[in-house]
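Reading the structure
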Amino acid sequence: MRLILGLALLLAGCEGAASEASDEPVIRADGRAIDGDTVSFDVRLYGADAFEKRQLCRNIDGCWPCGKAAQDYAAKLLKAGSSTIRLTGKQSYGRPIGTVEVDGEDLGERMIAVGLAVPATSYLKDDPARAQRYVAAYDRATARRAGVHAGYFIDPAKWRRGERLSCEGSPSGRRRR
């Protein structure tokens, strides 16, 4: 019995030392519990800027919730397949930045291709091939008048700084003309 207890203590000590010396990557992010044994954390897409959840865009029928459409589309894609996340080691708005592939397809590129995100090429200086793909996806979406390209929109970065379409309320609650 003492031998078993001693071996158990020795193995437990070795296991703790091994986990401390591990070269596994560390992710530092704000997380939330989905349930007792499942956690989730936010990752900002590298080089793709999607429309904000409360953002509106305008088409021939009037204003529509393009930001909610972007969120719903990303959620649909993520639920439909297996995701691979590769972190860049950088952060934006306190969140890690990374690429996300769903069944081998780049989520950012797909969001841009359907007109629910715009390329943020200024962040892709280290990845010119990705920048080129994102710009090509944007050009195709524009030519097809896909998503927001069927009308007018405020660039997501400008929207976050307070610019609004006339059909949206201003950030302070007043309606613009």
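For clarity, every value in this text was computed on a predicted model and none was experimentally measured.

1. With respect to unusual backbone geometry
The backbone of Tyr93 sits at a positive phi, close to 55°, despite the residue not being glycine. If you trace the backbone, Tyr93 turns up in the loop between β7 (83-92) and β8 (95-102).

2. Focus on the packing of aromatic side chains
Within the structure shown, the criterion is met by one aromatic pair. On the numbers, 5.4 Å between centres and 85° between planes, the contact of Phe51 with Phe153 is edge-to-face. Of the two residues, Phe51 is situated in the loop between β4 (48-50) and β5 (57-59) and Phe153 in the loop between α4 (128-144) and α5 (156-160); the sequence distance between them amounts to 102 residues. Phe51 gets classed as buried once you look at its relative accessible area, which sits at 4%. The cationic tip of Arg164 hangs over the ring face of Trp159; the distance from NZ or CZ to the ring centre is 3.7 Å.

3. Focus: the environment of Arg133
With respect to the helices, strands and loops of the structure, Arg133 is situated in helix α4. A sequence separation of 14 residues divides Arg133 from Pro119, and the C-alpha atoms of the two residues are 9.4 Å apart. When residues no more than four places from it in sequence are discounted, the contact partners of Arg133 are Asp106 and Glu109.

4. Examining the pairing of β8
Across the eight residues of β8, six count as buried, placing the element largely inside the fold. Looking at chain direction, strand β3 (residues 44-45) and β8 are connected through two bridges and run parallel. Directly across from Leu45, in β8, lies its bridge partner Gly98. Relative to β8, β7 runs antiparallel, the two being bridged by seven bridges. In the sheet register, Ile85 faces β8, and the bridge partner there is Val100. A loop of two residues connects β7 with β8, the two strands running antiparallel in sequence, and Tyr93 in this loop sits at a positive phi of about 55°. As paired strands, β8 and strand β9 (residues 105-106) are joined by two bridges and run antiparallel to one another. Looking at the pairing, Val102 lines up with Glu105 of β9. Counting the residues that bridge the hairpin from β8 to β9 gives two residues, and of these Asp103 lies at a positive phi of roughly 50°.

What counts, and at which threshold
- Residues numbered from 1 in each chain as written.
- Predicted model: local features only at pLDDT ≥ 70, side-chain atom pairs only at ≥ 80, totals over all residues.
- Heavy atoms only, no water.
- Helix = DSSP H or I, 4+ residues; strand = E, 2+ residues; numbered from the N terminus.
- Phe/Tyr/Trp six-rings, centres within 6.5 Å; stacked < 30°, edge-to-face > 60°.
- Buried < 20%, exposed > 50% of the residue type's maximum accessible area, 1.4 Å probe, protein only.
- Lys NZ or Arg CZ within 6 Å of the ring centre and 35° of its normal.
- Contact = heavy atoms within 4.5 Å.
- Pairing = 2+ DSSP bridges.

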